[in-house]
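# Overview (structure and organization)
So you can see what is in the structure, the chains are spelled out below.
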Amino acid sequence: MKLAFIGLGTMGFPMAGHLQKSGHDVTVYNRTSAKADKWVEAYAGAMAATPALAASGAEIVFTCVGNDNDLREVTTGADGVLAAMASGTVLVDHTTASAEVARELNQIAISQGIGFLDAPVSGGQAGAENGALSVMVGGDSVSYDLAEPVMKAYGKSIRLLGEAGNGQLAKMVNQICIAGLVQGLAEAVHFAKQSGLDAEQVFDVIQHGAAGSWQMVNRHKTMIDDVFDYGFAVDWMRKDLGITLDEARRNGAQLPVTALVDQFYAEVQSMGGGRWDTSSLVKRFESDQ
């Protein structure tokens with residue numbers, strides 16, 4: 001298929017690459033053109049000077065940018081993709097954004113005869129590079145049936161979860177889970193060290209039992225070794241948790257642990273750790289000593 005991919009960040013760069021390697025004809029756009037040049041060099045696709053030019057003639061357009069305002073700029077702006085997309089095509093948004101902006105874009109797309117899916121992903125940089133992402137999708141089944149086989153290029157688990165906005169709500173559930181898990185793991189590492197245990201030996205044992213999780217398997221050693229350059233940054237997590245807490249205020253959900261962990265991440269930012277990965281929560285305990 002003829003595709004467009006807008007946004008070549010940590011996630012978008014390899015995701016667009018998987019589409020090109022799967023045999024699709026992909027044109028990319030990135031705000032920093034040097035990143036688009038690098039992508040074309042790596043995957044032999046094409047690049048365009050604006051989102052609209054990238055989207056011209058594309059059957060499916062993918063976006064993966066920073067936040068709600070970035071998303072509006074590349075979709076509904078003067079040079080946005082919706083200005084160039086034809087009726088019957090589909091816009092798939094992989095940005096982690098608000099459910100509100102997803103519903104907003106869905107209505108605009110419908111008015112133009114365009115399908116829309118909000119499809120945030122989970123799995124981090126490694127998942128994107130290995131084509132093993134989880135994709136949470138909101139939107140109509142017709143658009144989903146067209147896009148789902150294409151998303152298999154980088155999605156290991158893909159699920160339609162109801163109407164537009166539901167993909168973003170599901171991603172919020174994902175981030176709530178991660179926040180609590182990482183804080184629990186940070187406390188456990190801290191406790192093990194304070195107790196004089198060989199922390200690596202302890203976690204090598206317990207990761208195979210009821211306490212085990214992806215975070216434990218993949219992050220306990222990096223926490224112990226004080227290395228925090230593995231994927232999803234604290235700045236991004238705070239953005240996601242802010243969206244989640246805003247939604248909770250609207251729907252009445254009570255998220256005391258999530259709100260507390262968000263405050264802890266703010267402390268990590270104040271320590272200069274905004275670009276550290278999310279497992280850097282453990283650094284707070286060092287600052288208390």
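Placed above this text is the structure.
Here goes a summary of the coordinates provided. (Residues numbered from 1 in each chain as written. Predicted model: local features only at pLDDT ≥ 70, side-chain atom pairs only at ≥ 80, totals over all residues. Heavy atoms only, no water.)

### Section: the overall build of the protein
- Scanning the protein from terminus to terminus reveals 13 helices and nine strands.
- Computed over the C-alpha atoms, the radius of gyration of the protein is 20 Å, within 12% of the 19 Å expected from 2.2 N^0.38 for a compact globule of 289 residues.
- With respect to the three principal axes, the spread of C-alpha positions in the protein is 65 × 45 × 35 Å.
- By residue count, 51% of the 289 residues in the protein fall in the buried class.
- For the protein, restricting intrachain contacts to residue pairs at least 6 apart in sequence, the fraction spanning at least 24 positions comes to 65%.
- Summed over its atoms, the accessible surface of the protein is roughly 12800 Å², and 51% of this surface lies on carbon and sulfur atoms. (Helix = DSSP H or I, 4+ residues; strand = E, 2+ residues; numbered from the N terminus. Rg over C-alpha atoms; globule rule 2.2 N^0.38 Å. Buried < 20%, exposed > 50% of the residue type's maximum accessible area, 1.4 Å probe, protein only. Contact = heavy atoms within 4.5 Å. Areas by Shrake-Rupley, 256 points an atom, 1.4 Å probe, with all protein chains shown as cover.)

### Some points on the side chain of Ser 280
- With respect to the element layout, Ser 280 can be found in the loop between α12 (256-270) and α13 (283-287).
- Only 2.7 Å separates the side chain of Ser 280 from the backbone oxygen of Asp 277, close enough to count as a polar contact.
- Look past the residues within four positions of Ser 280 in its chain and what remains in contact with it is Phe 228, Val 234 and Val 268. (Polar contact = N/O pair within 3.5 Å; in protein donor to acceptor, adjacent residues only side chain to side chain.)

### Things to note about helix α8 (residues 166-194)
- The terminal C-alpha atoms of α8, which comprises 29 residues, lie 42 Å apart, in line with the 42 Å expected from a rise of 1.5 Å per residue.
- Positive backbone phi, approximately 80 degrees, marks Gly 196, located one or two places after α8. (Expected span 1.5 Å × (residues − 1).)

### Considerations on the nonpolar core
- Phe 5, Leu 19, Phe 62, Val 92 and Met 151 are the most contacted members of the largest nonpolar core, which has 31 residues in total.
- Mapped by element, the contributors of at least two residues to this core are β1 (2-6), α1 (12-21), β2 (25-29), α2 (33-43), β4 (60-63), β5 (90-93), β8 (133-139) and α7 (141-151).
- Ignoring anything within four residues of it in the chain, the contact list for Phe 62 reads Leu 3, Ala 4, Phe 5, Ile 6, Leu 19, Val 92, His 94, Val 150, Met 151 and Tyr 154.
- Ala 199, Phe 228, Val 234 and Val 282 belong to the second largest nonpolar core, which has 23 residues in total. (Core = buried A, V, L, I, M, F, W, Y, C linked by side-chain atoms within 4.5 Å.)

### Some details on the pattern of salt bridges
- Here the structure, examined in full by the defined rule, presents 12 salt bridges.
- In this structure, Lys 221 and Glu 200 form a salt bridge, with 4.0 Å as the shortest nitrogen-oxygen distance. With Lys 221 in helix α10 (residues 214-225) and Glu 200 in helix α9 (residues 199-206), this residue pair connects regions lying 21 residues apart in the sequence.
- Take Lys 221: its relative accessible area is 40%, and that puts it in the partly exposed class.
- Notably, a salt bridge pairs Lys 283 with Glu 286, separated by 3.2 Å at the nearest N-O pair. (Salt bridge = Lys/Arg side-chain N within 4 Å of Asp/Glu carboxyl O.)

### Considering the pairing of strand β9 (residues 155-160)
- Alignment of β8 against β9, held across five bridges, turns out to be parallel. When the sheet's bridge partners are listed, Leu 133 is paired in β9 with Gly 155.
- Once the chain exits β8 it traverses α7 before rejoining the sheet at β9, and the crossover so formed is right-handed. (Pairing = 2+ DSSP bridges. Right-handed = clockwise from strand over helix to strand, strands pointing away.)

### Focus: the pairing of strand β6 (residues 115-118)
- Of the two faces of β6, the one holding Gly 115 and Leu 117 and the one holding Phe 116 and Asp 118 are both buried throughout.
- Relative to β6, β5 runs parallel, the two sharing four bridges. The partner of Asp 93 across the bridge, within β6, is Asp 118.
- Where the polypeptide runs from β5 across helix α5 (residues 99-111) and back to β6, its parallel neighbour, the crossover connection is right-handed.
- Relative to β8, β6 runs antiparallel, the two sharing two bridges. Looking at the pairing, Leu 117 lines up with Gly 139 of β8.

### Some words on the packing of helix α4 (residues 68-76) against α5
- Between α4 and α5, whose axes approach to 11 Å, the crossing angle comes to 10 degrees. Overall, the two elements α4 and α5 adopt an arrangement that is roughly parallel. Contacts from Asp 68, Leu 71, Arg 72, Thr 75 and Thr 76 in α4 reach Val 101, Glu 104, Leu 105 and Ile 108 in α5.
- Classifying every residue of the contact of α4 with α5 by side-chain character gives four nonpolar, two polar and three charged. (Axes fitted to C-alpha atoms, helices over the stretch in contact; angles between N-to-C directions. Parallel < 35°, antiparallel > 145°, perpendicular 65-115°, else oblique. Nonpolar A, V, L, I, M, F, W, Y, C, P; charged D, E, K, R; others polar.)

### Brief notes about the packing of aromatic side chains
- One pass over the structure, following the stated rule, counts six aromatic pairs.
- When the centroid spacing of 6.1 Å and the interplanar angle of 35 degrees are considered together, the rings of Phe 228 and Trp 276 count as tilted. Placement of Phe 228 in the loop between α10 and α11 (234-251) and of Trp 276 in the loop between α12 and α13 is noted, with a sequence separation of 48 residues between them.
- By relative accessible area, Phe 228 is classed as buried at 8%.
- Here the aromatic residues Phe 5, Phe 62 and Tyr 154 are joined through ring pairs into a cluster of three or more.
- Stacked on the ring of Phe 264, the Lys or Arg Arg 284 has its end atom at 3.7 Å from the ring centre.
- Directly above the aromatic system of Phe 285 lies the positively charged group of Arg 284, at a separation of 5.7 Å from the ring centroid. (Phe/Tyr/Trp six-rings, centres within 6.5 Å; stacked < 30°, edge-to-face > 60°. Lys NZ or Arg CZ within 6 Å of the ring centre and 35° of its normal.)

So far we have only geometry, and geometry alone does not tell us how the molecule works.
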